[in-house]
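Structural features, examined
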Amino acid sequence: MSTKLLGRPMLYTSYESEMALLNTGTKKAGLGLLLAVGVGLPFLVSDPQLRTLALALITAVGVIGLGLVTGYAGQVSLGHAFFLGVGACTAAALGGDPDSDLIGFGVTEVLIWLPAAGLVAAVAGALVAPLAVRLRGLYLAIVTLGLVFVGGYVFNEWTELTGGQGVGRNMPQPTLFGYELGVSDEFFTKEQKLYWLMLVVLVVFAFAARNLVRSRVGRAFSAIRDRDIAAGIMGVNLFRYKMVAFAVSSFYAGCCGALLFVADGRFEPNTSFNLDTSIKFIAMLLIGGVGTISGAILGAFFIIYLPVLTGYLPDLIPGLSTNAAQTPNTHQVELVLYGALLIIFLIFEPRGLFGIWLRLRNYWKAWPFSY
Amino acid sequence: MRISSRRIAAASAAAILVVGLAGCRGGGGGGTDEQGIRTDVGVTSEPCPDAIDETKGCIYLGTLSDLTVGPFKPLAVPITESQAAFWKRVNEAGGIAGYEVDVTTYVKDNQYNPGVTTQVYNEIKPNILGLIQTLGSEPTNAILADLKSSNILAVPAAWSSTFAFEDIILESGANYCVEAMNAIDWALEQKPDIDSVTAVGYPGDYGDDAAGGVKYSAEQNDLTFKHIATGPGGGDVQGAVVSQLITEKPDLVILTTGPTEAATIVTLVALQGASAGYAPMFIGNSPTWNPAILASPAAGAMTAMYHQAGPWGPWGSDTPGHEAMREALGTPATLNDGYTAGWVWSYPMKAALEKAAANKDLTRKGLVDAAKSLTSVDYEGMLPSEAGNYAAGAAGQFKQTLISKPDANAPTGVTTVEDFFTGPTAEGFTLTKACHETL
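A quick note: this is a predicted structure, and the numbers were derived from the prediction, not measured.

Conventions adopted
- Residues numbered from 1 in each chain as written.
- Chains lettered and ligands numbered in written order.
- Predicted model: local features only at pLDDT ≥ 70, side-chain atom pairs only at ≥ 80, totals over all residues.
- Helix = DSSP H or I, 4+ residues; strand = E, 2+ residues; numbered from the N terminus.
- Buried ≥ 20, exposed ≤ 12 C-beta atoms within 10 Å, placed from the backbone.
- Contact = placed C-beta atoms within 7 Å.
- Rg over C-alpha atoms; globule rule 2.2 N^0.38 Å.
- Domains from an automatic or database assignment.
- Nonpolar A, V, L, I, M, F, W, Y, C, P; charged D, E, K, R; others polar.
- Pairing = 2+ DSSP bridges.
- Axes fitted to C-alpha atoms, helices over the stretch in contact; angles between N-to-C directions.
- Expected span 1.5 Å × (residues − 1).
- Core = buried A, V, L, I, M, F, W, Y, C linked by C-beta atoms within 7 Å.
- pLDDT = per-residue confidence, 0-100.
- Parallel < 35°, antiparallel > 145°, perpendicular 65-115°, else oblique.
- Left-handed = near helix turned anticlockwise from the far one by under 90°.

Attention now moves to the overall build of chain B. When helices and strands are tallied, chain B shows 13 helices and 16 strands. Taken over the C-alpha atoms alone, chain B extends approximately 70 × 65 × 40 Å along its principal axes. Within chain B, the proportion of its 439 residues that are buried is 58%. Taking as baseline every contact in chain B between residues at least 6 positions apart, the subset at least 24 positions apart corresponds to 70%.

What follows deals with the overall build of chain A. Scanning chain A from N- to C-terminus turns up 17 helices and 4 strands. A compact globule built from 371 residues would reach a C-alpha radius of gyration of about 21 Å, and chain A, at 21 Å, matches this within 12%. The principal-axis extents of the C-alpha atoms in chain A amount to approximately 65 × 55 × 45 Å. The 371 residues of chain A split such that 48% are buried. Counting contacts in chain A only where the partners sit at least 6 residues apart, residues at least 24 apart contribute 71% of the total.

Let us now look at the domain arrangement of chain B. All names here are of chain B. According to the domain assignment, chain B consists of domain 1 (31-174 + 316-394) and domain 2 (176-310 + 401-438). Distance between the C-alpha centres of domain 1 and domain 2: 29 Å. The partner domain 2 presents 24 residues to the 21 residues of domain 1 that form the contact. In terms of residue count, the dominant contributor to the side of domain 1 that touches domain 2 is helix H4 (residues 137-150) (3 residues). Taken together, the residues of the side of domain 1 that touches domain 2 break down into 11 nonpolar, 8 polar and 2 charged.

What follows covers the sheet that holds strand E2 (residues 38-39) of chain B. Residues and elements named next belong to chain B. The strand order across the open sheet built from 3 strands is E1-E2-E14, with neighbouring strands paired in mixed fashion. Each edge of the open sheet carries a strand with a single partner, namely strand E1 (31-32) and strand E14 (361-362). As paired elements, E1 and E2 share 2 bridges and run antiparallel to each other. Following the sheet pairing, Thr-32 is matched in E2 by Arg-38.

With that settled, the discussion passes to the sheet that holds strand E11 (residues 252-256) of chain B. Residues and elements named next belong to chain B. Taken in spatial order, the 7 strands of this open sheet run E10-E9-E11-E12-E13-E15-E16, and their pairing is mixed. One side of each edge strand has no neighbouring strand; the edge strands of this open sheet are strand E10 (224-229) and strand E16 (414-421). Adjacent strand axes in the sheet meet at a mean angle of 20° when their direction is disregarded. Here strand E9 (residues 196-201) pairs with E11 via 5 bridges, running parallel. Looking at E11, one finds that Val-200 is bridged to Leu-255.

With that settled, the discussion passes to helix H4 (residues 80-95) of chain A. An ideal rise of 1.5 Å per residue puts 22 Å on 16 residues; H4 of chain A measures up with 23 Å between its terminal C-alpha atoms. The element H4 of chain A is largely enclosed, with a buried count of 16 among its 16 residues.

It is worth spelling out the nonpolar core at this point. Core analysis: the largest hydrophobic core is formed by 128 residues, its most contacted members being Ile-59, Ile-254, Val-266, Ala-352 and Leu-367 of chain B. If you tally residues by element for this core, the top one is helix H11 (residues 338-358) of chain B, at 12 residues. Judged by nonpolar contacts, the second largest core, of 102 residues, contains Leu-84, Val-128, Val-213 and Ala-223 of chain A.

All names here are of chain B. Per-residue confidence for chain B gives a mean pLDDT of 89; residues scoring 70 or more make up 93%. Confidence drops under a pLDDT of 50 for residues 17-24, and excluding neighbours within four residues, the segment shows 8 contacts in the predicted structure. Both scores are given for the predicted complex: the pTM is 0.83, the ipTM 0.74.

Moving on: helix H7 (residues 235-248) of chain B. Residue and element names in this part refer to chain B. Taking 1.5 Å per residue, 14 residues should reach 20 Å; H7 reaches 19 Å between its end C-alpha atoms and fits that length. Buried within H7 we find Gln-238, Val-241, Val-242 and Leu-245. Looking one or two residues past H7, Lys-249 carries a phi angle of roughly 50°, positive in sign.

Let us now look at the environment of Pro-98 of chain A. Considering the arrangement of structural elements, one finds Pro-98 of chain A in the loop between H4 and helix H5 (110-134). C-beta crowding within 10 Å serves as the criterion here: with 10 such atoms nearby, Pro-98 of chain A is assigned to the exposed category.

Here we come to the environment of Cys-89 of chain A. Along the chain, the position of Cys-89 of chain A falls in helix H4. Ignoring any residue separated from it by four or fewer positions in sequence, one finds Cys-89 of chain A in contact with Leu-161 and Thr-162 of chain A.

Here we take up unusual backbone geometry. Cis geometry marks the peptide bond from Trp-367 of chain A to Pro-368 of chain A; its omega dihedral reads 5°. Within the element layout of this structure, Pro-368 of chain A appears in the segment after helix H17 (352-366). Despite not being glycine, Gln-111 of chain B shows a phi value in the positive range, around 55°. Classification of Gln-111 of chain B by C-beta neighbours within 10 Å gives buried; the count is 27. The backbone of Asp-222 of chain B shows a phi angle near 55°, a positive value even though the residue is not glycine. Summarising the element assignment, Asp-222 of chain B is placed in the loop between helix H6 (205-221) and E10. For Asp-222 of chain B, a count of 7 C-beta atoms within 10 Å corresponds to the exposed category.

Here the focus is the packing of helix H2 (residues 73-92) of chain B against H11 of chain B. Residues and elements named next belong to chain B. Taken N-terminus to C-terminus, the directions of H2 and H11 make an angle of 45°; their axes are 7 Å apart at the nearest point. Judged by the inter-axis angle, H2 sits oblique to H11. Between H2 and H11 lies a crossing of right-handed hand. Taken together, the residues of H11 that come into contact with H2 (itself represented by Leu-75, Ala-76, Pro-78, Ile-79, Thr-80, Ser-82, Gln-83, Phe-86, Trp-87 and Val-90) are Gly-338, Tyr-339, Ala-341, Gly-342, Trp-343, Ser-346 and Lys-350. For the contact of H2 with H11, the residue count by class is 10 nonpolar, 6 polar and 1 charged.

Residue and element names in this part refer to chain A. One can describe the packing of helix H3 (residues 47-72) onto helix H8 (residues 190-213) by two numbers: an axis separation of 9 Å at closest approach and a directional angle of 20°. One way to sum up the angle between H3 and H8 is to call them roughly parallel. Between H3 and H8 lies a crossing whose hand is left-handed. Where H3 abuts H8, its residues Asp-47, Leu-50, Arg-51, Leu-53, Ala-54, Leu-57, Ile-58, Ala-60, Val-61, Ile-64, Leu-68 and Tyr-72 lie against Glu-191, Gln-192, Leu-194, Tyr-195, Met-198, Leu-199, Val-201, Leu-202, Phe-205, Ala-206, Ala-209 and Val-213.

In this section: the pairing of strand E7 (residues 130-135) of chain B. All names here are of chain B. The buried fraction of E7 amounts to 6 of the 6 residues, a majority that puts the element mostly inside the structure. When strand E4 (residues 57-65) meets E7, the two strands line up parallel, connected through 4 bridges. Across the sheet, Gly-62 pairs through a bridge with Leu-131, a residue of E7. Of the pairings in the sheet, the one linking E7 to strand E8 (residues 153-157) comprises 4 bridges and is parallel in character. Paired with Leu-131 across the bridge in E8 is Ala-154.

All names here are of chain B. As for its position among the elements, Asp-318 is in the loop between strand E13 (306-310) and helix H10 (320-329). Given 8 C-beta atoms within a 10 Å radius, Asp-318 is considered exposed. Each C-alpha atom, one on Asp-318 and one on Thr-257, is 28 Å from the other, the two residues being 61 residues apart in sequence.

Structure follows, in structure tokens:
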């Protein structure tokens, strides 16, 4: 219906059109353009750049997952790295070489090991959920923190699964219906194919998340976040929805973990799934914007591109080195920026990059009568 | 409303990225220069960023080292600095066939972590001809398959026997496996009543490679063999190792860890074992020593109980190569034998580059072929030139080791007590597969 009311985009004549996934023309055009650029990018940019882009795309899936449980359902989780690890290990075990010393089943079909990694992580998430029903706020954060350490111990010691501390194991190279995505062929390079894989996964997961949060489940999440007691009184089944939140979030984390190390080829359990990783994901969510899907994507891109951006600094700042053996170097600047940005965003722009975008948009929407 | 803004936010972010990237696909360089030398990746006709002679082209070599948070940082930073000095000296002496060599532009931190190594390796891979340093056995193993498929020649800052089987790896000095055998033979000479030996090391190729040598040696010499794997960390992590040692009381312990772990274990065994009447002999593989230990509470125990097995003489040794190194580096603020190692490791790469240039083929493939065909390398006396016989493959591995002991008066805290030797066990040993596989 709204399409008939050209020129009056703010007017909706039904709830259905107001709640539509793409409820304005600008939005449809914007998304179409974005997807076109996204799909076409591998023909424009070089392989190393595609590698970074692919990493950002798949990281965004994990951040969206964290956003669902922390941003939408309000359950602070420091345990995201554990679920990433569960996903990565499941994928590595399923896709691993059966003849090696490590656990491997030789299933390289990505359509099998990717959902499987998500499902195993989701089960792990569902097992944690009963704790979330009993606890909230800081207490829940501490319990999920424990998860990272317990999980970290298992990852380090279970060498048949993870390769062990300091060693790690290789990730399987995905195949899609027998077509190898992890090796270059005469048509496309490995980087191009993996980029498209990550892009498709992100688009599917982002739409699924967007649909979830505008549904009954999503409204229940928001109700629990805003006041769980009130939500319970209104008839929201706290146990069920907290469990759904953790399971779905962990599913996202599992799938992210399964693909996160595919491009570089190897993970090391002690440093890949520790508290630093959890905090990095929380930082992405906070910097991008809590409680939004596109904010999560922006945050992931921002943090992944931080080292790339600091790489340009030596041209601007004399005396700054890209050589990690010299001081000051870009690596140090990156660490400082990472901390400083977190503080700056929390104090000055709690809505994150998404909030900055909102302000920009509102300014131009009212232009030339902006204030 | 809300939905739209999100989509557009994402769209504009992507648009900004596209503009920001401004890269374009395709086009590796390469071709043939005016001297008729073929080149492909990592060799440019433009001068190096810090060129001494602006008319020369540039050969870029990458470094993946443990520069910030890993257990080998105290050794890795000096290795990297020393290599920069080595190649500066080469460039000042005229470079290699009309090119200067740059080893400082592509220096990346691998954090002694295989996962991080693959990531930073991929970042510099499109810009380098070879790797002048890839630190650590396991980190190097993580990129080994890709090095092979891309024909990238790499100098490992590690001594694993795995490398003997790889054409693209240009290793120097005896491997950990043989070093452990020589260490045990030397120990048996000092104390013939030794009848048990325990290998304590990092999990993975570094610790396991030495442990494989210890196991072989134990079999040959009728010793009881035990193996304990332990990760990086101080007393909290090493406590379990210490109590196992004190319970099992091996006469000899071969350490294959970082310096911190070695010092922690030796000190704790000295403290806690005294009451149990237990004082074993400790010998560490070369990466277990850092002279900073002498300024730590571990100094007493280490001086009393520890020896270092090493592949070449320490900083103060009297050879033309050591002399040149001391002259080039002056007096570094914190001196250790990372400087010596970085310097020694550079010689075979120099020889390979010279040979490749003489073959008129400075492509990646050409460099690997040149390296593989080397039958000797001029180490300026730091190692015998036959140590650079890469054409001989695994069977022709160099097997000589030195034993040193802590000495507060020596520049890097150790003096040699036994010069280059090959023990009887190593003498009778033929490397047929990587030692960690025999464990």
